[in-house]
Structures are given as C-alpha cells and as structure tokens.
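Residue-level structural notes
This is what each chain is made of:
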Amino acid sequence: MRFHGQVTRKSRKKKRKLLPLLIPAILIAIALFIYIINARLAPIYIQYAEVQTEKIAAHVINKAINSRTANVLDVNDIIVNVPNDSKGMVKFNTEIINRVLAETHGLVESHLQQAEAGNLALLPTDEIEFDSQAMKREEGIVFFVPLAQAANIPLLGNLGPKIPIRFHVIGQVQATIDTKISEFGINNAVVEVNILLTVNVQIIVPLATKQSVVTQKIPVAMGLIQSTVPQIYTTGGGDPPSVEVPAPPAIEE
C-alpha cells in the first residue's frame with residue numbers, strides 16, 4: 001500500500017535530478033536564440049554601418065581638405081602653354097598638381113589616424129555617439145547604433161540596446177588624379193582636375209565583419225579654356241559647313 005507522502009518524495013527526487021540538466025538547457029536555448037536573432041540582423045547591421053562609415057569618413061576627409069593651404073585653383077594656373085609649332089596645344093603643370101596631391105594625401109591620412117586615436121574634434125559628434133575610451137584602447141573608430149534605429153523601426157526611435165560598431169582603415173589611403181574635359185560652345189572646353197581618394201576600411205559588428213571602400217572626389221582646379229573661333233565650323237562626318245565665319249578684310253598698304 002502506497003502513501004501520498006511517498007509519492008511526493010519520489011517526485012521531488014526526480015525534479016532534483018532534472019534540475020542540473022534543466023538549467024544548462026535553458027542557458028543553451030537562450031544563447032542559440034540570441035545567436036540566431038543576431039545572425040539574421042547582421043546584414044542589417046552591416047548595411048547601416050556602411051552608410052554611417054561613409055558619413056564619418058567623408059566628414060573627416062572634409063575636415064582635412066578645409067585645413068589645407070591650397071584652395072580650388074583656376075585651371076589657367078596649372079596650364080603650361082606649348083610653343084606655337086605644336087598647334088596651340090596645352091599641358092598641365094604637373095609640379096603644382098603633384099604638390100596639391102601630396103599635401104591632400106598627407107592631410108587625409110593624418111586626420112584619419114587622429115580620428116582613430118580618439119580625437120572627437122574631427123568626428124560628427126552631433127549625429128553619432130562615439131566610444132572615445134574604446135577608440136583609445138583599440139584600433140579603429142567605435143560608435144554606437146540603437147537596435148531600433150539600425151532595424152529601421154521608427155516607432156521605437158533610439159530605444160533598445162546599443163550596438164557597438166567599429167571600423168578602421170586598412171592600408172594606406174590611395175590618391176589619384178582624375179581629369180575631365182567637356183566641350184563648351186565653339187572651340188572652348190571646361191576642364192576639371194580632381195583628386196580621387198580611395199579609403200579601404202574594415203567594418204566590424206557583433207558576429208560579422210566586412211571590408212568596404214570609401215571614395216571621395218576633391219576638386220583641385222576647374223575653369224574654361226577659350227580658343228580662337230575658326231572661320232569654318234563643321235559637325236564632322238563629311239557634312240557641309242554648319243557655320244561659316246567671314247574672314248576679316250585684308251588691310252591695304
């Protein structure tokens with residue numbers, strides 16, 4: 001004959017035996033749940049981090065450009081006239097262009113290094129929250145993004161846990177010269193000389209990482225090059241003259 005007290009004791013013993021197994025199972029389930037949720041949100045983190053990284057890098061680069069001594073030059077300041085026997089051809093003054101290129105390249109690299117070291121004066125602190133202590137301890141620029149903001153949930157705004165995002169420059173900043181010549185009117189051209197900056201960065205979010213490229217175009221010189229208007233202007237392709245300018249009358253001696 002069994003008594004109620006004996007059944008209760010047996011059930012308590014079973015619970016005590018299952019308890020050591022139940023706690024690790026709950027912890028593992030919670031860890032797996034967090035991992036799965038984070039893995040699904042990782043692409044959102046990365047996409048948001050790329051946008052913010054471009055903003056931060058552009059802000060630092062603009063700070064560097066504003067501190068340089070040379071402003072945007074007139075295109076005529078960097079043009080060297082070629083002798084008349086070269087049919088009026090012109091060429092760029094590479095000495096001036098290379099000087100501006102070297103100065104810009106050095107300033108941008110210096111500003112990016114200072115920003116990674118925790119110099120908040122070079123960063124857009126009004127829009128983004130940075131972790132200056134982590135930036136001083138580790139390599140790279142560290143900033144926080146609210147989960148709701150990264151997931152694009154307007155109702156929650158800046159609520160929710162803040163996700164740390166870090167990015168740092170990989171290798172050296174690449175700087176090249178890019179020229180653009182556009183036809184303007186008759187026998188005139190608009191010339192633009194720009195510096196193309198390419199910055200390779202490593203973006204790190206929880207459980208994910210990605211390399212990205214930030215590009216910035218910086219004007220060096222621009223302006224209009226005017227040449228003499230020809231007496232006959234054609235559209236090419238063997239068509240008859242579109243415009244015929246009368247030659248000036250000869251001066252009688």
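Position numbers for residues count from 1 along each chain, tracking the sequence in the order it is written. It should be noted that, the model being predicted, local features are given only for residues of pLDDT at least 70 and side-chain atom pairs only at 80 or more, the latter also being counted only at that level, while totals for whole chains, interfaces and linings use all residues. Note that the side-chain values use all heavy atoms of the structure and ignore hydrogens as well as water.

Under the annotation held in an unreviewed UniProt entry, the chain carries the name Sporulation protein YunB and is attributed to Sporosarcina psychrophila.

What follows concerns the packing of aromatic side chains. Here the aromatic set is Phe, Tyr and Trp, taking the six-membered ring for Trp, and pairing holds for ring centres within 6.5 Å; pairs whose planes are under 30 degrees apart are stacked, those over 60 apart are edge-to-face, and all others are tilted. In this structure the tally under the stated criterion is two aromatic pairs. On the basis of an interplanar angle of 65° and a centroid distance of 6.3 Å, the ring pair of Phe130 and Phe143 is categorised as edge-to-face. Of this pair, Phe130 sits in strand 4 (residues 129-130) while Phe143 sits in strand 5 (residues 141-146), and the two are 13 residues apart along the sequence. Note on exposure labels: buried denotes an accessible area under 20% of the residue type's maximum, exposed denotes more than 50%, and partly exposed covers the range between, all computed with a 1.4 Å probe on protein chains only. Note on Phe130: relative accessible area 12%, which makes it buried. Measuring from centroid to centroid gives 6.5 Å for Phe143 and Phe167, while their planes differ by 70°, and the two rings are edge-to-face. Of the two residues, Phe143 sits in strand 5 while Phe167 sits in strand 6 (residues 162-169), which places them 24 residues apart along the sequence. Relative accessible area serves as the criterion here: at 2%, Phe167 is assigned to the buried category. Aromatic rings pair up to connect Phe130, Phe143 and Phe167 into one cluster. Helix and strand labels come from DSSP, where a helix needs a run of H or I of at least four residues and a strand needs a run of E of at least two; each type is numbered from the N terminus.

Turning to the pattern of salt bridges, a few remarks are in order. By definition here, a salt bridge exists when the distance from a side-chain nitrogen of Lys or Arg to a carboxyl oxygen of Asp or Glu is within 4 Å. Tallied over the full model, the rule gives two salt bridges. Between Glu50 and Lys210 there is a salt bridge; the shortest N-O distance is 3.3 Å. Of this pair, Glu50 sits in helix 1 (residues 4-66) while Lys210 sits in strand 9 (residues 208-226), placing them 160 residues apart in sequence. By relative accessible area, which is 36% here, Lys210 ends up partly exposed. Between Lys162 and Glu129 there is a salt bridge, with the nearest N and O atoms lying 2.7 Å from each other. Taken as a pair, Lys162 in strand 6 and Glu129 in strand 4 lie far apart in primary sequence, 33 residues in all. According to the relative accessible area criterion, Glu129 is partly exposed, its value standing at 41%.

In this section: helix 2 (residues 94-116). Along an α-helix, residues three or four apart share an orientation, since each turn contains 3.6 residues. Taking 1.5 Å of rise per residue, 23 residues should cover 33 Å, and helix 2 covers 33 Å from first to last C-alpha, within 8% of that figure. Buried within helix 2 we find Ile96, Ile97, Val100, Leu101, Thr104, His105, Val108, Glu109, His111, Leu112, Ala115 and Glu116. Polar contacts, as used here, are pairs of N or O atoms within 3.5 Å; protein pairs need one atom able to donate a hydrogen and one able to accept it. Residues neighboring in sequence count only if both atoms are side-chain atoms. Capping the start of helix 2, Asn93 holds a side-chain oxygen 3.1 Å from the backbone nitrogen of Glu95, two or three residues further along. Looking one or two residues beyond helix 2, the residue adopting positive phi is Gly118, at roughly 105°. Working rule for helices: expected span equals 1.5 Å times residues minus one.

The next point concerns the side chain of Ser212. Position of Ser212 relative to the elements: it lies in strand 9. A polar atom in the side chain of Ser212 sits 3.4 Å from the side chain of Glu50. Contacts between residues were defined by any pair of non-hydrogen atoms, one from each residue, lying within 4.5 Å. Beyond its immediate sequence surroundings of up to four residues, Ser212 is in contact with Glu50, Val199, Asn200, Val201 and Ile203.

With that settled, consider the confidence of the model for the chain. Interpretation of this model should avoid reading the predicted coordinates in detail wherever pLDDT is low. Taken over all residues, the pLDDT of the chain has a mean of 75, while the share at 70 or more is 69%. Each residue carries a pLDDT value, the predictor's own confidence for that position, ranging from 0 to 100. In the model of the chain, strand 11 (residues 243-244) stands out as the element of lowest mean pLDDT, 48, in contrast to helix 2, which has the highest, 88.

Bringing a nonpolar patch on the surface into the picture now. The residues that make up patches have over 30% relative accessible area and no salt bridge, and they are joined within 9 Å when like-charged or within 5 Å when they are Val, Leu, Ile, Met, Phe, Trp or Tyr. Method for areas: the Shrake-Rupley scheme with a 1.4 Å probe, in which residue coverage is limited to the protein chains shown. Together, Leu22, Ile23, Ile26, Leu27, Ile30, Phe33 and Ile34 line one region of the surface with nonpolar side chains, adding up to about 700 Å² of accessible area. Within the secondary structure, Ile23 is located in helix 1.

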